[in-house]
Amino acid sequence: MKLTIVEYPNKKLKEKSLRVEKFDSELHDLLDAMYPIMMESNGIGLAAIQVAHAKQVLILNIPEEDGEQPYENLLEMINPVITHKSGTTTYQEGCLSVPQFYEDITRYENITVNYQDRDGNTKTLEADGLLSIAIQHEVDHLNGILFIDKLSYSRRKKFEKEYKKLQKEKKRSS
Ligand code: QAP
Ligand code: CO
């Protein structure tokens, strides 16, 4: 399966992803193809809609203290639902679909998430820190929401201006 990352302002990113009902080889192929593209892009999280598949599928690999992201730390979440949220935390977020832009976003500090693994087994995970932020960021993708949608009106304006400029520079050098 050949995947490419969909970048803002592609409207695909606004689509709501559909629940996965079949835990079959097609799902496994998608998951197996998402992992290398996330790692090659230096990502820590990727939702299926970012590779143009509107399915409630996301993967995460939060770096360890030394920056390593061993394969064993890969988390795959199907049909995730956040069932508890508390506290607040702010982190400078980025997104593989919004390259080269980072901005402070406030989210819940502690969450509980119910999800299924690639075989359909139900799981519950309590998360805090970067993992909690990453799960919330990726679950937003499944609902068609980008981190830039959370910016104030003035910061969003600033973003649109900077992003357009970046895109023009990219065009010129390509
Ligand atoms: C979502 O984001 C996230 O602009 C995952 O040039 C963000 O992997 C989770 C990336 C913040 C937790 C906190 C972005 C790579 C990667 C870029 C990513 C870029 C290269 C973003
Ligand atoms: Co993202």
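Here, residues in each chain are numbered from 1, in the same order as that chain's written sequence. To label them, take the chains in the order written and letter them from A, then take the ligands in the order written and number them from 1. Totals for whole chains, interfaces and linings use every residue, but because this is a predicted model, local features are given only for residues with pLDDT of at least 70 and side-chain atom pairs only at 80 or more, for both listing and counting. Values shown for side chains rest on all heavy atoms present in the structure; no hydrogens or waters enter the calculation.

This part is about the packing of aromatic side chains. Given two aromatic rings, their pairing is described by the distance between the two centres and the angle made by the two planes. In this analysis, rings of Phe, Tyr and Trp, with Trp reduced to its six-membered ring, are considered paired at centre separations within 6.5 Å, and the interplanar angle assigns stacked below 30 degrees, edge-to-face beyond 60, and tilted for intermediate values. On inspection of all chains with the given rule, the structure shows six aromatic pairs. Each ring, one from Tyr 8 and one from Phe 159, has its centre 5.6 Å from the other, and the planes form 50°; the classification is tilted. Residue Tyr 8 is found in the segment before α1 (25–40), and its partner Phe 159 is found in helix α3 (residues 153–173); the two are separated by 151 residues along the sequence. Between Phe 159 and Tyr 163 the ring centres are 5.1 Å apart and the planes differ by 35°, which places this aromatic pair in the tilted class. Separated by four residues within a single helix, Phe 159 and Tyr 163 lie in helix α3, roughly one turn from each other. What makes Phe 159 buried here is its relative accessible area of 0%. You can call Tyr 163 buried: its relative accessible area is 5%. Site record: aromatic cluster; members linked through ring pairs are Tyr 8, Phe 101, Phe 147, Phe 159 and Tyr 163. Helix and strand definitions here come from DSSP, where helices need a minimum of 4 consecutive H or I residues and strands a minimum of 2 consecutive E residues; each element is numbered from the N-terminal end. We call a residue buried when its accessible area falls under 20% of the maximum for its residue type, exposed when it is over 50%, and partly exposed in between, using a 1.4 Å probe and counting protein chains only.

Attention now goes to the site of ligand 1. For ligand 1, the set of nearby residues contains 19 residues, the closest of which are Gly 43, Ile 44, Gly 94, Gln 100 and Tyr 102. Note on areas: Shrake-Rupley, 1.4 Å probe, and residue coverage restricted to the protein chains presented here. Here ligand 1, which alone exposes 500 Å², has 86% of that area covered by the protein. In terms of residues, the shell around ligand 1 owes the most to one element, helix α2 (residues 129–142), which gives five residues. Proximity is defined per residue: if any heavy atom of the residue lies within 4 Å of a molecule or strand, that residue is considered near it.

What follows covers the pattern of salt bridges. What makes a salt bridge here is a side-chain nitrogen of Lys or Arg within 4 Å of a carboxyl oxygen of Asp or Glu, nothing more. One pass over the structure, following the stated rule, counts twelve salt bridges. Through salt bridges with shared partners, a single network forms among Glu 93, Arg 107, Asp 140 and Lys 150.

With that settled, consider the coordination of the cobalt ion (ligand 2). Within the protein, Cys 95 (SG), His 137 (NE2) and His 141 (NE2) serve as the donor atoms for the cobalt ion (ligand 2), at 2.1 to 2.2 Å. Of note, the cobalt ion (ligand 2) draws all its donor residues from one chain, in the sequence arrangement C-x41-H-x3-H. Remark: His 141 occurs in helix α2 and Cys 95 occurs in the loop between β4 (89–93) and β5 (103–107); sequence separation between them is 46 residues. Comparing Cys 95 with His 141, the two get one shared label, buried. In this description, a donor is an N, O or S atom within 2.8 Å of the metal centre, a cutoff extended to 3.2 Å for sodium, potassium and calcium. Water is not part of the atom list, which can make sites seem incomplete.

Turning next to the sheet that holds strand β1 (residues 45–47). Reading across the sheet, the five strands line up as β1-β2-β3-β6-β7 and stay open at both edges, with antiparallel pairing between neighbours. For this open sheet the edge positions go to β1 and β7 (122–127), each flanked by a neighbour on one side alone. When strand polarity is set aside, the average angle formed by the axes of neighbouring strands in this sheet is 35°. DSSP-based pairing: two strands are paired if at least 2 bridges between them are found. Where strand β3 (residues 75–86) lies against strand β6 (residues 110–116), six bridges are found, and the strand directions are antiparallel. The residue of β6 that forms the bridge with Lys 85 is Ile 111. Two residues form a contact once any of their heavy atoms are found within 4.5 Å. Helix axes are fitted only over the stretch in contact, all axes being lines through C-alpha atoms; the angle between N-to-C directions runs from 0 to 180 degrees. Strand contacts of α1: β1, β2 (57–60) and β3, with the helix running at about 40° to β2, the strand carrying the most contacts. Each of β1, β2, β3, β6 and β7 is contacted by α2, which is oriented at about 155° to β2, the strand it contacts most.

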